[in-house]
Amino acid sequence: MENRIGVFVCHCGINIATTVDVKAVVAAIKDYPGVVHAEDYIYMCSDPGQGMIQERIRKKSLNGVVVASCSPTLHEVTFRNTVARVGINPYRCEIANIREHCSWVHSDRAEATVKAIKIVKTVIEKVKLNEELTPIAIPITKRALVIGGGIAGIQAALDTANAGYEVILVEKQPSIGGHMIQLSETFPTLDCSQCILTPKMVEVGHHPQIRLYTYSEVEEVSGYVGNFKVRIRKKKRWVDFDKCIGCGICMEKCPVEVPSEFEEGLAKRKAIYIPFPQAVPAKPVIDAAHCLWFQTGKCRICEKLCPTGAIDYEQQEEIIEEEVGAIVVATGYDLYGMENIGEYGGGRYQDVINGLQFERLLSASGPTQGVVRRPSDGKVPKRVAFISCVGSRDPELHKPYCSKVCCMYLTKHAMLYKHRVPDGEAIVFYIDIRSDGKGYEEFVQRAQEEDHVTYIRGKVSKIYENNGELVIMAADTLSGKPLEVSCDLVVLGMAIVPSPGVEELIRKLKIQVDTNGFLTEAHPKLRPVETLTPGIFLAGCGQAPRDIPDTVAQASGAASKALEMFGQEQLHHDPAVATVNEDICSGCGLCVPLCPYEAREIEVIKGKRIAVVNEVLCEGCGSCVAACPSGAAQQRNLQDSQLFRMSEAVTIK
Amino acid sequence: MRIPYYPGCTLKTTAKNFEDSAIAALKVLNVELVELKRWNCCGTVYSLASDDLMHKLAPVRNLIRVREEDGSKVLTLCSMCYNTLKQANLFFREDKEASEKMNEFMYRERDYEGDVEVLHILGFLRDEIGFDQIAKKVKRKLAGLKVAPYYGCLLLRPGEAAIDDPENPSVFEDLFESLGVQTVDFPYRNECCGAYQTVDQVDLVAERTRKMINLARSIGANILATSCPLCQFNLETRQKDVKGKWTDFEEMPVVYFTQILGAALGVGREDLGFELNLFNPSELIYGE
Amino acid sequence: MQELIDKVAELSGQNLYGCYQCGKCSGGCPSVWQMDILPNEVIRLVQTKRVDDALNSKTIWICASCFTCTVRCPRGIDLAKIMEALRQIHLRRNVDHIDIKKVAQGEINELPPIALVGNFRKQTA
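Source: prediction; values computed, not measured. (Residues numbered from 1 in each chain as written. Chains lettered and ligands numbered in written order. Predicted model: local features only at pLDDT ≥ 70, side-chain atom pairs only at ≥ 80, totals over all residues. Heavy atoms only, no water.)

**Q** Sorry, what's going on with the overall build of chain C here?
**A** A tally of regular secondary structure across chain C gives eight helices and zero strands. Helices (α) and strands (β) of chain C occur, in sequence order from the N terminus, as α-α-α-α-α-α-α-α. Since a compact globule built from 125 residues should have a radius of gyration of about 14 Å, the 15 Å found for chain C is in line with a globular shape. Considering only C-alpha atoms, chain C reaches an extent of 45 × 30 × 25 Å along its principal axes. Every one of the 125 residues in chain C was classed for burial, and the buried ones make up 66%. Contacts in chain C between residues far apart in sequence, at least 24 positions, make up 63% of those at least 6 positions apart. Carbon and sulfur atoms make up 50% of the accessible area of chain C, which totals about 5000 Å². Across chain C, the mean location of the 16 positive side-chain charges is 5 Å away from that of the 13 negative side-chain charges. (Helix = DSSP H or I, 4+ residues; strand = E, 2+ residues; numbered from the N terminus. Rg over C-alpha atoms; globule rule 2.2 N^0.38 Å. Buried < 20%, exposed > 50% of the residue type's maximum accessible area, 1.4 Å probe, protein only. Contact = heavy atoms within 4.5 Å. Areas by Shrake-Rupley, 256 points an atom, 1.4 Å probe, with all protein chains shown as cover. Lys, Arg positive; Asp, Glu negative; His and termini not counted. Charge placed at Lys NZ, Arg CZ, Asp CG, Glu CD.)

Written as structure tokens, this is what we have:
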């Protein structure tokens, strides 16, 4: 086949054109062997740009296309679809990245232009030997796994289930609900969290399409998009859920009391417990680390009292295997520990508490029935300080990022405190007020105007306890005056951090986290709910700190990505994967442990050891190709022969 | 155990009781301080300007003295000396260009390589003797004391020179616990005493002292312990200036922690230099 | 003016533009009550090309380099070094900040040597 290649050079507005002389690139390339057309345009990805490419393909009978533009991760798919619509095999279209690899990283226009020309020439050489390929078809299991039962996981599960597909929801705690169910009321509308979330929890519990595994963890994930195999470990709960009727007599009579996780340590629970009365499922588990029977070999009171014989001290762990096509990771957040902030007492002071603890003090179902009482002596505090950016926006010592929700929830805290204690004083220490959601700024204004919450702009420097009072050392940067304020209670807006255990989970899922431990999306703007691993999607604070509305929207987005897959009969995988020349392969097996996708294995074919490729698992990374000592491993459309010609194009004159 | 010891000017003058009590207490722990044969002023305040090498020479010369006597470590008592020597040493190790220049300038001295380890007595007691070992040698129960431990600045800051967590230190409390001596959770333990401002801004320092002593008193302390001769002076001697202005102010003795350590280890009061303390604490310490 | 700003940056070795004016330095400064402007305002003045106002402040002389601000700054700025740089700019014009003859006449024998040396090191040319 004679190569008739068209080269289309994009200005990307000023992104490329400022640093690279695009006209010079066109001039240098138009007579290059194999090129029959070269042209530039300001936005090649726009409708007129794509139309221009299609028009030139038809008119000049092009059979290969090079688009010199941005990174292929951004628009390779765009342009391959463009050429496919006019009958060219999409794998005969390649991107020459002259933006990220050239204009954005250089400042010398003449040198950048020379480099851009070289990049384009290499890609032309690649296209010359590109084969016409057909995507690999993959069957889909139309069932989703959702990891995490907070509001993000609940929403993703319900959306997927309501579209008619089965969902497996795994939650490591004994109940779903996540941190949201701990909240008292939610900004900016002050809906009670219980009122808006418990109906959704009940719906999950009863949904015919949702299989709920609480007190369970994902043990192992294998397979690939559309065809994941998941092993789920149901932890020992020592209560037979089939027999338990949830009467609660066991919890009533259990003699052991331990700090309640749900109440953030502000109240006690029993060793056999339901985290909170509205839990789903409303059946207890035994906390063996504190149970008298497991610790001392005495007691068994719950067993004696249980009317249905549901207590089972011999219960074993259960491993469940499920097959799913898509996975939504909704692992949520935790609060940065107060022990990290030595200058605020490092967690030593009982009346310096975090935001979730204050939520429990405000909650009608909390340890104080919604009366704000401080933990040390139960006194109703007359002056409360709320401190924002504790551990956030502190690249030197703690976390560099903004935790996004603290400004708003501390405003809510101050407002609700004033509603409960009208003669009390609420002071918010802030450094910037970030109220950029719908109705948020109005909410802050209301706290200031109607509830007379005092806002002081200054980061608190130190908190110490003095005879039952907490003294705050700060400065009011707006009046330029130092301050020492005595308070009865201090609420710290601690930084939001990823849930513990995420590091372990991402290794099982083969997805990534960023330097702060948050799950990494495929593209920060255009693919925010996908990971780079096909079929695995993200929702909620596991990806970045966010509020409830954003979490719910993102969870629906993740669900719709799963549903987009489930709406197809089969999936398609990039065919530019590794191949093996069986005549050359010596079966040395070097490639097998190197493959990060477990796509390589040794098979014995007609008595000969051959390293074969699972084309569906192969992501075309090239590790095996580079490692293969005999050259038997090759990658489609990135053959050694192509690589040689690509390098010759820019090294040999 | 014998260890090279750098005293500094103040321990030979106004803070002789610090040196005497440290030597006596360490003797019980079988540690002998071997004073450097030659030494000079440490420089007192570590020079913070990036181009100021001149004022870093004095501390480095002392470290050269340590090497001359084949020492690899040097022990300090005074917090200021500790901090100045420590920071100068860190600078010398990290800035190769500056250290070459300084070595060239001191061409009559042997070249220094930044290889001396600067220790403060508190870190030494914690890390090399061990508080559990000290606990075994306690002879006297000092039941009447409620100590407000006072770290000041220079043991804890800047972070690279710190002997403990700058915000939540515990070395003093842990030491006193091993001696069976009660302490209070003193919130001002790592605040600045006003330092050298005491020379020309007496009121500023006196006000600081008033605040600190009052707080220590209000949370139940009856004595304050430090390891810095300047803190000791400001917090004790400046109480006279406080009393001049606030007649109802209740004074409190401020001692070197080594005086309490010595007493607990059985050293006689005559060897702990209490006569140099403005408010003689020996009755309080010895419980008579 | 830019020359002076550069000098502050050079002598202190600090990036003055990193400061986001949170005021944590001022809140914890034990000497702040005696200062005429807040420590964070000293940086602000240099950031906004008003170095002379910073040089003429009492604040830079009240600061005794206790490093409380240094260990707490969320942006990793060593404010103690900025204060020192400003003092140095003043002292290197060969102007003492205090008159040695006038200070501590009555107390000269009582004061610890480190107080005197420290004071003169910080406040005389």
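Still more to cover.
**Q** What am I meant to see in the sheet that holds strand 24 (residues 462-466) of chain A here?
**A** One key point about sheets: their strands pair by backbone hydrogen bonds, in either a parallel or an antiparallel sense. Residue and element names in this part refer to chain A. Across the sheet, which stays open at both edges, the three strands sit in the order 24-25-26 with antiparallel pairing between neighbours. One side of each edge strand has no neighbouring strand; the edge strands of this open sheet are strand 24 and strand 26 (481-487). Neighbouring strand axes in the sheet, compared pairwise and without regard to direction, differ in orientation by 25° on average. As defined by bridge partners, strand 25 (residues 469-476) adjoins strand 26 across seven bridges and the pair is classed as antiparallel. What sits directly across from I472, in strand 26, is V485. (Pairing = 2+ DSSP bridges. Axes fitted to C-alpha atoms, helices over the stretch in contact; angles between N-to-C directions.)

**Q** Honestly, the sheet that holds strand 4 (residues 117-120) of chain B in this entry has me stumped. Any pointers?
**A** Residue and element names in this part refer to chain B. Ordered in space as 2-1-3-4, the four strands form an open sheet in which the pairing is parallel. Both edges of this open sheet fall to strand 2 (32-35) and strand 4, since each of them pairs with a single strand only. Across the sheet, the mean angle separating the axes of adjacent strands is 45° when strand polarity is ignored. Pairing of strand 1 (residues 2-6) with strand 3 (residues 73-76) involves two bridges; the strand directions are parallel. When the bridges of strand 3 are listed, Y6 appears paired with T76. Across the sheet, helix 5 (residues 121-129) is in contact with strand 1, strand 3 and strand 4; its angle to strand 4 comes to roughly 95°.

**Q** Help me out: how do you make sense of the environment of A68 of chain A in this one?
**A** Residue and element names in this part refer to chain A. Here A68 lies in strand 3 (residues 64-69). Linking A68 and A96, residues 28 residues apart in sequence, is a C-alpha distance of 4.4 Å. If near-sequence neighbours (up to four positions away) are discounted, A68 is found in contact with F8, V9, C10, A96, I98 and V120.

**Q** Mind showing me how you'd approach helix 7 (residues 171-179) of chain B here?
**A** Along an α-helix, a turn takes 3.6 residues, which lines up residues three or four apart on a common side. Of all nine residues in helix 7 of chain B, seven are buried; the element is thus mostly enclosed. With its phi angle positive at about 75°, G180 of chain B sits one or two positions after the end of helix 7 of chain B.

**Q** Can you help me understand the interface of chain C and chain B in this one?
**A** In many analyses, interface size is given as the accessible surface area lost on bringing the parts together. Counting residues at the interface gives 39 residues for chain C, matched by 41 residues for chain B. Between chain C and chain B, the buried area comes to about 3600 Å², and carbon and sulfur atoms account for 59% of it. Together, F67, I114 and R121 of chain C form the three largest contributors to the area buried by chain C at its contact with chain B, with a combined 20%. Applying the counting criterion to the chain C and chain B interface returns three salt bridges. With its nearest N and O atoms 3.1 Å apart, the salt bridge here joins E110 of chain C to K240 of chain B. At the boundary of chain C with chain B, the tally comes to 19 residue pairs in polar contact (both at pLDDT 80 or more). Among the elements of the structure, helix 1 (2-12), helix 5 (59-62), helix 6 (68-72), helix 7 (79-91) and helix 8 (113-123) of chain C are those that each provide at least two residues to the side of chain C that touches chain B. Of the residues assigned to the side of chain C that touches chain B, the class counts are 20 nonpolar, 10 polar and nine charged. (Buried area = accessible area lost by both parts, 1.4 Å probe. Salt bridge = Lys/Arg side-chain N within 4 Å of Asp/Glu carboxyl O. Polar contact = N/O pair within 3.5 Å; in protein donor to acceptor, adjacent residues only side chain to side chain. Nonpolar A, V, L, I, M, F, W, Y, C, P; charged D, E, K, R; others polar.)

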